Each structure stands twice: as structure tokens, then as C-alpha cells.
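# Structural overview for review
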Amino acid sequence: MDRTEILAADDSGVARAADLIRAGRLVAFPTETVYGLGGDATDDRAVAGIFAAKGRPQFNPLIVHVPDLAAAERVGVFDDRARNVALAFWPGPLTLVLPMRGDAGISPLVTAGLGSVAIRVPAHPLARALLRAVGRPVAAPSANPSGRVSPTRADHVIDGLEGRIAAVMDGGACAVGVESTILGLDGPPALLRPGGIPAEALEAALGHPLASGGDAARPSAPGQLASHYAPGAAVRLGAHGAETGEILIGFGPVKGDLSLSQSGDLVEAAAALFHILRQADLLAGPTGRIAFAPIPEQGLGRAINDRLRRAAAPR
Ligand code: TXA
Ligand code: MG
């Protein structure tokens, strides 16, 4: 394939990205969580190209991105409960899994043959401008080779996918830094993936605790496999100090070679997580080891710990 174009974060960049997607090509674009690899969700060939570019297993369905609730209601079946959650948290880092409409027009590859569909309305202004300009639902997984660390900067996308996708729109660093929270509403509400909206906020909006659906052995979000976000180096969690040869990533009082947040701020830590994981991987080298300080299991800490457990999982 040709070189991957780098598009500026302006009107001409958005117009070029939209033209490419409408022509069936793949374009990475920034969202507030991570960079997505966008393709026309109604075009079988474009969607097949997303799986091929990432090396992603076909049983792992994609999230459909739309600019607003009205467009979302043309894809998924919303009841009052779903509409209320959407009104409270969209645009933003929340994905809803809903029954798919019969007339949604989404390629069956997007949903991996499930009767449900994952829908998200991102808040990033460039993502919203792009989705409006495309005028069709856009399927977008994180823009990284399958199983590797998600990209939060345009150069992370280039590192993993250069030459395999038509373009990347450079919108700088992503503000949230971990992927969207996935809430299953195709049955009893279930937290399918912790992410950028803390589960506590969803529970407050729903008025009851959420069942957790992210069991790695029988994943209800099929992409939630145990090993993911894998750097080259081995990863150890809950470290209060470095062992010989380890790169230590600190948090709060645990000082390290690098720190997710010296002040112990979970929002700052989530935004830094994937970039620091890449930096630590470079410092450690392929046979090296990375240790992470403990992160509290609350708020965005649940999403951070979920990603770290997958980064540390046996592969
Ligand atoms: O923040 C995000 O959500 C980013 C940005 C680009 O929007 N996207 C993202 O996509 O994280 P991806 O492909 O890396 O993760 C999508 C997750 C997978 O775990 C997949 O299994 C799950 O969504 N998923 C998609 N459709 C589903 C469905 N119908 N039922 C259950 N899980 C689903
Ligand atoms: Mg991903």
C-alpha cells in the first residue's frame, strides 16, 4: 500500500478524511478516549479492511460511531432507559450495546453476527465534525494492531499501522486516554468494559448497581480477552519498588522512573497510561520488565487496572 497520509486538524483535513471514508478507505481519527480506525460501517469491503489492517479476529465486533442521538436511533433500538443514559452521557466516552434495528443497514461484519450493536457518540470536536461530514455510521476500533497498546497520539497510530491505512488525522493527545465504558442494555444492564465514564456515575444514573459482564473466560464483550494491550516487555502490577532490571511506573507516593501521576490523580493517570506504557516498553527493551505501582480500584482506576491486568496477562 501507499504511505499513510497525515491530515491536519482543520476543515480541509476533515473534508479529506470524510472523502476517503466515503470512498471505502480507512482513516484513523482522534476521539477523546483513543484514536479510532474509521471505515464506512455500511460497506462490507471497508469493514473487512479494518479487520485486515489490525489483524483482528472476525468474532470481535466493532463499535459504530455516529454524530448524535438521532443518528444512533437509526442504528439501535432505544427504550426509555437507553435514551435516558444517552441523554446523560452523550456525547462522551460511553458505548451502549443495544438490539440492532432491522433496517440499520450496518454490515454484518461489524456485529460479528450478533443481534446487538455497540454504538457511541464521541465528544471530540474533530470526531464529531468527521462523523457529520461522512453522513454514514462509521465503524471504528482502536487504531492499533490487534492485541497491542491502544493509540492516544497520531504517532502511535503511525507506529502500528503506517502503510496499512489511507490516512491519520493528527489531533494531538487524547484527553481521556482509556477507551469508552461499554454498557450492555440489550438485557439487564451490565458493565461490559470499564472505561472513560466511571461505573459509579452510571450506577448513580441508573439508580442501581451494575452487574459486571467482563469475564475473560466467557467474554460478553467478545473483545475482552485476557491478554491485550501487550507491550514487548513483561509487566508486574502492585509494585511498591523496582526489582533489579525493572522500569518502575509510579503513582502518587510511589515514585518511579516515570509516573502516571505524581499527585495521585486518576484522570491524569488515565490520560498518560498508554503513552507511558509505550515509553516504558522502549526503555525496557523486548526482554525487559515493567512494574506498575498500585492504582486504587475506583473511578477511572477501574479502567486503568483493567487495562494493566490485560497488559500483564500471560500471552
Ligand atoms: O473508546 C472507544 O470505545 C474506542 C474509540 C475509537 O471509540 N474504540 C474501541 O474499540 O475501543 P475496540 O474495537 O478497541 O473495542 C470495542 C469493544 C470490543 O471489546 C468489542 O468486543 C465490544 O466493543 N463490542 C462491540 N460490539 C459489541 C456487541 N454487540 N456486544 C458486546 N460487545 C461488543
Ligand atoms: Mg481496542
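Notes on the structure follow.

Let's shift gears to the packing of aromatic side chains. Under the criterion given, the structure shown has one aromatic pair. Note on phenylalanine 78 and tryptophan 90: the rings are 6.1 Å apart at their centroids and 70° apart in plane angle, and the pair reads as edge-to-face. Placement of the pair is phenylalanine 78 in the loop between α3 (69-72) and α4 (80-89) and tryptophan 90 in the loop between α4 and β5 (94-99), with a sequence separation of twelve residues. For the pair formed by phenylalanine 78 and tryptophan 90, the shared burial category is buried.

Note that histidine 275 resides in helix α8 (residues 266-284). A distance of 3.4 Å separates the side chain of histidine 275 from the side chain of arginine 153, its partner in a polar contact. Residue contacts for histidine 275: discarding those within four places in its chain leaves Thr152, Arg153 and His156.

What follows deals with helix α6 (residues 154-161). Every buried residue of α6 is accounted for by Ala154, His156, Val157, Ile158 and Leu161. Glycine 163 sits one or two residues past α6 and shows a positive phi near 85°.

Remark: α8 packs on helix α9 (residues 301-312), axes separated minimally by 9 Å, with the N-to-C direction vectors making an angle of 20°. One finds that α8 runs roughly parallel with respect to α9. Here α8 runs over α9; the crossing is left-handed. Of the residues in α9, those in contact with Leu266, Ala269, Ala270, Leu273, Phe274 and Leu277 of α8 are Gly301, Ile304, Arg307, Leu308 and Ala311. Looking at the contact of α8 with α9 residue by residue, the class counts come to nine nonpolar, one polar and one charged.

This next bit is on the sheet that holds strand β8 (residues 167-169). Strand order in the open sheet formed by eleven strands is β1-β8-β2-β3-β7-β4-β6-β5-β9-β10-β11, and the pairing between neighbours is mixed. Looking at which strands have only one partner, the edges of the open sheet turn out to be β1 (5-7) and β11 (211-212). In this structure, strand β4 (residues 63-65) lies alongside strand β7 (residues 138-139), joined through two bridges in antiparallel fashion. When the sheet's bridge partners are listed, valine 64 is paired in β7 with alanine 139.

Rules behind the numbers
Residues numbered from 1 in each chain as written. Chains lettered and ligands numbered in written order. Predicted model: local features only at pLDDT ≥ 70, side-chain atom pairs only at ≥ 80, totals over all residues. Heavy atoms only, no water. Phe/Tyr/Trp six-rings, centres within 6.5 Å; stacked < 30°, edge-to-face > 60°. Helix = DSSP H or I, 4+ residues; strand = E, 2+ residues; numbered from the N terminus. Buried < 20%, exposed > 50% of the residue type's maximum accessible area, 1.4 Å probe, protein only. Polar contact = N/O pair within 3.5 Å; in protein donor to acceptor, adjacent residues only side chain to side chain. Contact = heavy atoms within 4.5 Å. Axes fitted to C-alpha atoms, helices over the stretch in contact; angles between N-to-C directions. Parallel < 35°, antiparallel > 145°, perpendicular 65-115°, else oblique. Left-handed = near helix turned anticlockwise from the far one by under 90°. Nonpolar A, V, L, I, M, F, W, Y, C, P; charged D, E, K, R; others polar. Pairing = 2+ DSSP bridges.

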